[in-house]
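So the chains spell out like this:
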Amino acid sequence: MYDLAIIGGGVAGMTAAIYAARSGLSAVILEKAGFGGQAALTAKIENYPSFREIEGFELAAKMKEQVDALGVESRYADVTGLTKADGVFTVTTDTDSITAKTVIIANGVRRRELGIPGEDALRGRGISWCAVCDGGFFRKKKVAVIGAGNTALGDAIYLANLCEEVCLIFRRPSPTASKSYLDALQGLDNVRLMPRHIPLEIKGEGTVSALRVRNLDTDEEYDLPVSGVFEAIGLIPDNGIFSDLAEPDENGYILTDEDMCTKTEGLFAAGDTRQKHLRQIVTACADGAIAATSAQKYLTR
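Basis of the calculations
- Residues numbered from 1 in each chain as written.
- Predicted model: local features only at pLDDT ≥ 70, side-chain atom pairs only at ≥ 80, totals over all residues.
- Heavy atoms only, no water.
- Helix = DSSP H or I, 4+ residues; strand = E, 2+ residues; numbered from the N terminus.
- Buried < 20%, exposed > 50% of the residue type's maximum accessible area, 1.4 Å probe, protein only.
- Polar contact = N/O pair within 3.5 Å; in protein donor to acceptor, adjacent residues only side chain to side chain.
- Contact = heavy atoms within 4.5 Å.
- Disulfide = S-S within 2.5 Å.
- Pairing = 2+ DSSP bridges.
- Axes fitted to C-alpha atoms, helices over the stretch in contact; angles between N-to-C directions.

Caption draft 1: Structural context of the side chain of Asn 215. By secondary structure assignment, the location of Asn 215 is in strand E13 (residues 210-215). A relative accessible area of 15% means that Asn 215 is categorised as buried. Of the polar contacts made by the side chain of Asn 215, one reaches the backbone nitrogen of Asp 217; its length is 2.8 Å. The contacts of Asn 215, once residues within four sequence positions are left out, are Arg 196, His 197 and Glu 220.

Caption draft 2: Structural context of the state of the cysteines. Applying the stated criterion across every chain, the model contains 1 disulfide. Left without a disulfide partner, Cys 167 is nearest to the cysteine sulfur of Cys 163, which lies 10 Å away. The exposure class assigned to Cys 167 is buried, which follows from its relative accessible area of 2%. With no disulfide of its own, Cys 285 lies 19 Å from the sulfur of Cys 130, the closest cysteine sulfur. Judged by relative accessible area, Cys 285 falls into the buried class, the value being 11%.

Caption draft 3: The pairing of strand E15 (residues 228-231), seen in detail. Here E15 shows a buried face lined by Gly 228 and Phe 230 and a second buried face lined by Val 229 and Glu 231. As judged from the 4 bridges shared by strand E9 (residues 142-146) and E15, these two strands associate in the parallel manner. Bridge pairing in E15 places Ile 146 opposite Glu 231.

Caption draft 4: Inspection of the sheet that holds strand E12 (residues 197-203) at higher detail. Taking strand neighbours across the sheet as the criterion, the 3 strands line up as E12-E13-E14 in an open arrangement whose pairing is antiparallel. At either margin of the open sheet sits one strand with a lone partner, and together these are E12 and strand E14 (221-225). This sheet shows a mean twist of 30° between the axes of neighbouring strands, independent of strand direction. Strand direction decides the pairing type here: E12 and E13, joined by 6 bridges, are antiparallel. In the sheet register, His 197 faces E13, and the bridge partner there is Asn 215.

Caption draft 5: Structural view of the environment of Leu 185. Along the polypeptide, Leu 185 turns up in helix H6 (residues 179-185). Looking at Leu 185, the relative accessible area reads 9%, which means it is buried. Each C-alpha atom of the pair Leu 185 and Gly 10 lies 28 Å from the other, and the pair is 175 residues apart in sequence. Setting aside anything within four residues of it in sequence, one finds Leu 185 in contact with Leu 153, Ile 157, Leu 168, Val 191 and Leu 193.

Caption draft 6: Structural detail: unusual backbone geometry. In this model, Asp 86 sits at a positive phi of 55°, which is unusual for a non-glycine residue. Secondary-structure assignment places Asp 86 in the loop between strand E4 (79-85) and strand E5 (88-93). What makes Asp 86 exposed here is its relative accessible area of 84%. A positive phi angle, close to 60°, is found at Arg 196, a residue other than glycine. Looking at Arg 196, the relative accessible area reads 26%, which means it is partly exposed.

This is the structure in structure tokens:
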């Protein structure tokens, strides 16, 4: 029986673990993929206090070192269910189940997919949702990045240092990313902006060879020869298994109060998974600290 089970090893979950350990709680983090979450997949972070610039993977690794030094148990496990009976939570995973007096849901979000022909057949064969993870496979090749926000421009900037050409494809007349990303994009001669375009189909035999696109202004359709397609069209929550205990909003994000409390006593949510206006590393850390403190207060009561 743990005092606290933390579902998700992103920055919110790891911050919660740090605060829980410092409060004397026995805690375990359950992470299905890699510690650090979306932060670990970010090439460059420039808005986290105390670091003028740091790679996302490095920041995540530093957090994980701190968690380990405090003696918090970490497990790689995919959470498949959450129930509560007689005041105790049971967290079911793909390998076993654990019990805990309190739970923090900090499972973050997952990348949105295009849902176009060819995506399923060529998944992992030239299609990627992580430029930092997979960019090295496309050195000196032509690739496409789909999206107009910070993630898409960040991916394009990162890939520009590796690839022969990067085609940045987006529906809007201009990118929606913040000024720092737009400024960084200036002077990158191998990044080709393609506004008012949408992807229609990913083509290839075994691996990606082309992306079929449509020009929304002329209605022309044509094949764009590329070896890779990087999708950066947004993030969505994955909270269906928690909906009985944690109320979601219309978009699937968990509703909490300012103390990170859900509708179920002893159950909290933190980070990108909950309904909020700003999803940044620093706000995820704040959520994790508040959630762990609320869990400690609940256990004390």
